[in-house]
Amino acid sequence: MKRFIPATGLMIFLLILWEVAVRLLALPEYLLPLPSTILGRAIEIHASLLVHAGYTAIEAGLGFVCGALLGMGLAGLFVRYQMLETSVYPYAIALKSVPIVAIAPLLVVWMGNGMAPKVVVAAIISFFPVVVNSVKGLRSIDPEAYDLFDSMSASRRQIFLKLRVPSALPYVFAALRISSTLAVIGAIVGEFSGADRGLGFFITVSAHRLETVDMFVGILMSSLLGIGYFYLVSFIEHRVVSWRREALTEEL
Amino acid sequence: MSTVPTIDLEGYSLSYLAPDGVPLLRVLSDITLSVKGGEFIAIVGPSGCGKTTLLRAIAGLIPSESRATQTKGILRVFGAPTVDAKRSRKFALTFQNAVLLPWRTVRENVSLPLEIADEKNPQLVDEMLAMVGISEFAAARPNELSGGMQQRVNLARALVQEPAVLLMDEPFGSLDEIVRERLNFELLRIHRLKKPTVFFVTHSLNEAVLLADRVLVFSERPGRIREIFDVNLPIERTDDTLVSPAYLDIVRRVRAAFTKQEGRHS
Ligand SMILES: Nc1ncnc2c1ncn2[C@@H]1O[C@H](COP(=O)(O)OP(=O)(O)OP(=O)(O)O)[C@@H](O)[C@H]1O
Ligand SMILES: [Mg+2]
């Protein structure tokens, strides 16, 4: 808990600075509203805000889970079947350079205004870090540990389950942490391209109406959602790879 | 059966290859050795002379048609290629750097070989943990152990396999004198009881002579057998052995053979 104190302190300091600066410079609200105004507005509209946030959270969460599972599964196949890797992996990586913002509208055209296209965008964007790191992790086994399994005449399956997978977990979780925040971005980008609910929709509508306070409220909620997912994954990571304590605290 | 040596090397040489297939480093050169079942062989030699490589080769961990190595000569275990013995789980290894799986507890590390062989024998696991004196750390993770304790887990994991051939790579190097001596006698007791064939790499000449039936002194790289000493001490070895004139005499001769080559180097 102690390690949160400096960061929290800094945030409070910056918020006070922001509040004071805006008041001193007398900036108009439509340019930069006061933090207190934003907070007040968030509380005022919290009911509808939570509905939007919940909607986005479901899209991002579903997309994240699908993308991550697909990434891990494909990585397993790549490591098992060299052929598959040399043929498919380059395309998977090439696909990564296609801007997701450009694909989102197309997906909306194909799948309509509902949740589906957002889930897909979130899944695509979550997928890449997971597949790359999982392949790297599954390959990262200690050669002497491989000798150990080989000397016991372990089957391929046993080597995969008892050596490769556990060795890969730290790499996989590093990717999952990144993907968890990317998934939220993906869902919001999806909503920008056409939606009638969700934080992306809320922000777009507020922008059209030039309601800067609402836009900030939307941004605030989106960030909280991303941070929430990030810490959820970190929490699970601490449980699952508890044997790697030192390495974890170093990264967080 | 008794006519077939457990391990048979004839003019065995091994080179590591560069990625383009060019021989890069000759590590073992013209090794000829025949080991009977139940024999205890100790290997001493300068660092980098190929002791670990020899153990890996015997254990069948260096495939004969590998792109990374080139071998010449004959290496057979129980009269067959090494992979056959590996497949029928004849070998157990202890590793120079313990090689424990960090995500498994001490106990889970020791029972790994049984798991791999689809066996269950919690009693045997407990017995081995107790024997190496690590029972109270059964639930600990390897990164909570000292180097010496990790080595003991490494040893327990090998012994739990009750192997026909036990290949030990400097197993007691990081232990203190007292524990080392106790485990030496423990190892001897197990050897007399179960009669595995043992290859024991060590940097301690005293330890080599105390344990072994034969001590091989290796030359510098490329490792070849420089001299073989038969240790004609009584089968039953005790604290008294360590101060007996016969023991001290062999240690002195092994040391002479060992330093002769070191001297050549300097
Ligand atoms: N996989 C490998 N590829 C290339 N060279 C290797 C490989 N493994 C070992 N070597 C080289 O082979 C030589 C012998 O190594 P080995 O580990 O067998 O020595 P060792 O006798 O066990 O030494 P030590 O007493 O220090 O453990 C060393 O020079 C080492 O650099
Ligand atoms: Mg070695």
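Quick caveat, the model's predicted, so the values are computed rather than measured. (Residues numbered from 1 in each chain as written. Chains lettered and ligands numbered in written order. Predicted model: local features only at pLDDT ≥ 70, side-chain atom pairs only at ≥ 80, totals over all residues. Heavy atoms only, no water.)

Asks: Looking at this model, I keep getting lost on the site of ligand 1. Mind explaining?
Replies: All names here are of chain B. Close to ligand 1 lie 14 residues, the nearest being Ser-47, Lys-51, Thr-52, Thr-53 and Arg-221. A distance of 3.2 Å separates a nitrogen atom of ligand 1 from a polar atom in the side chain of Tyr-16. A distance of 2.6 Å separates an oxygen atom of ligand 1 from a polar side-chain atom of Thr-52. Protein chains bury 65% of the 640 Å² of accessible surface belonging to ligand 1 in isolation. (Near = heavy atom within 4 Å. Polar contact = N/O pair within 3.5 Å; in protein donor to acceptor, adjacent residues only side chain to side chain. Areas by Shrake-Rupley, 256 points an atom, 1.4 Å probe, with all protein chains shown as cover.)

Asks: What exactly am I supposed to notice about the coordination of the magnesium ion (ligand 2) here?
Replies: As a benchmark, a tetrahedral metal site with four donors has ideal angles of 109.5 degrees, while an octahedral site with six donors has ideal angles of 90 or 180 degrees. Residue and element names in this part refer to chain B. The coordination sphere of the magnesium ion (ligand 2), as far as protein atoms go, consists of Thr-52 (OG1) and Gln-96 (OE1), spread over 1.9 to 2.3 Å. Taken together, the positions of Thr-52 in helix α1 (residues 51-58) and Gln-96 in the loop between β5 (91-94) and α3 (106-116) put the pair 44 residues apart, joining distant regions of the chain. Residue class for Thr-52 comes out partly exposed when judged on its relative accessible area of 29%. (Donors = N, O, S within 2.8 Å, 3.2 Å for Na, K, Ca; no water. Helix = DSSP H or I, 4+ residues; strand = E, 2+ residues; numbered from the N terminus. Buried < 20%, exposed > 50% of the residue type's maximum accessible area, 1.4 Å probe, protein only.)

Asks: Any chance you could explain the packing of aromatic side chains here in plain terms?
Replies: Any two aromatic rings considered together are summarised by their centre-to-centre distance and by the angle between their planes. Across all of its chains, the model carries seven aromatic pairs over all chains by this definition. Judged by centre distance (5.1 Å) and plane angle (65°), the rings of Phe-78 of chain A and Tyr-89 of chain A are edge-to-face. Of this pair, Phe-78 of chain A sits in helix α3 (residues 46-80) while Tyr-89 of chain A sits in helix α4 (residues 82-96); the two residues are 11 residues apart in sequence, bridging distant segments of the chain. Neither Phe-78 of chain A nor Tyr-89 of chain A differs from the other in exposure class; each is buried. When the ring of Phe-172 of chain B is compared with that of Phe-200 of chain B, the centres are 5.8 Å apart and the planes differ by 55°; the resulting orientation is tilted. In this pair, Phe-172 of chain B is assigned in the loop between β6 (165-169) and α6 (177-194) and Phe-200 of chain B in strand β7 (residues 197-201), connecting sequence segments 28 residues apart. (Phe/Tyr/Trp six-rings, centres within 6.5 Å; stacked < 30°, edge-to-face > 60°.)

Asks: Explain the interface of chain B and chain A to me, please; I cannot follow it from the model alone.
Replies: When the parts of a complex come together, some accessible area is lost, and that lost area is often used as the size of the interface. Contact residues are listed per partner, giving 24 residues for chain B and 20 residues for chain A. Carbon and sulfur atoms make up 58% of the area that chain B and chain A hide from each other, which totals about 2000 Å². Taken together, chain B and chain A are joined by three salt bridges. Asp-150 of chain A is the salt-bridge partner of Lys-86 of chain B, the closest N and O atoms lying 2.8 Å from each other. For the pair chain B and chain A, the number of links is eight residue pairs in polar contact (both at pLDDT 80 or more). (Contact = heavy atoms within 4.5 Å. Buried area = accessible area lost by both parts, 1.4 Å probe. Salt bridge = Lys/Arg side-chain N within 4 Å of Asp/Glu carboxyl O.)

Asks: Just checking my understanding: could you explain the side chain of Glu-85 of chain A for this structure?
Replies: Here Glu-85 of chain A is to be found in helix α4. Setting aside residues up to four positions removed in sequence, Glu-85 of chain A forms contacts with Phe-78, Pro-90, Val-135 and Arg-139 of chain A.

Asks: In this structure, what is going on with the sheet that holds strand β3 (residues 40-44) of chain B? I would like to understand it.
Replies: In a beta sheet, neighbouring strands pair by backbone hydrogen bonds and run either parallel or antiparallel. Residue and element names in this part refer to chain B. Taking strand neighbours across the sheet as the criterion, the six strands line up as β5-β6-β7-β3-β8-β9 in an open arrangement whose pairing is mixed. Of all strands in the sheet, those with a lone pairing partner are β5 and β9 (225-230), marking the two edges. Across the sheet, the axes of successive neighbouring strands diverge by a mean angle of 15°, strand direction being ignored. Taken together, the four bridges between β5 and β6 define a ladder with parallel strand orientation. Paired with Thr-94 across the two strands is Met-168, which belongs to β6. Against the sheet, α1 engages β3, β5, β6, β7 and β8 (214-218), with an angle of about 155° to β6. (Pairing = 2+ DSSP bridges. Axes fitted to C-alpha atoms, helices over the stretch in contact; angles between N-to-C directions.)

Asks: Is there a simple way to think about the nonpolar core in this case?
Replies: Proteins that are soluble and globular tend to have nonpolar side chains buried together. Counting residues in hydrophobic clusters, the biggest one holds 54 residues, and the most contacted among them are Val-44, Leu-166, Leu-187, Phe-200, Val-209, Val-215 and Val-254 of chain B. When residues no more than four places from it in sequence are discounted, the contact partners of Leu-166 of chain B are Ala-92, Ala-158, Leu-159, Leu-187, Thr-197, Val-198 and Phe-199 of chain B. By size, the runner-up hydrophobic cluster in this structure holds 46 residues, among which are Trp-243 of chain A together with Ile-43, Leu-75 and Leu-216 of chain B. (Core = buried A, V, L, I, M, F, W, Y, C linked by side-chain atoms within 4.5 Å.)

Asks: Just checking my understanding: could you explain helix α5 (residues 100-111) of chain A for this structure?
Replies: Since the α-helix turns once every 3.6 residues, residues separated by three or four places project in the same direction. All names here are of chain A. For α5, built from 12 residues, the straight-helix expectation of 16 Å at 1.5 Å per residue is met to within 8% by its first-to-last C-alpha distance of 16 Å. Ile-100, Ala-104, Leu-107 and Val-108 are the residues of α5 that are buried. Projected down its long axis, α5 shows its buried positions confined to an angular sector of 100°, all on one face. Exposed residues on α5 whose side chains face more than 90 degrees from its buried face are Ala-102, Val-109 and Trp-110. Phi turns positive one or two residues past the end of α5, at Gly-112, with a value near 90°. (Expected span 1.5 Å × (residues − 1). Arc of directions from axis to C-beta.)

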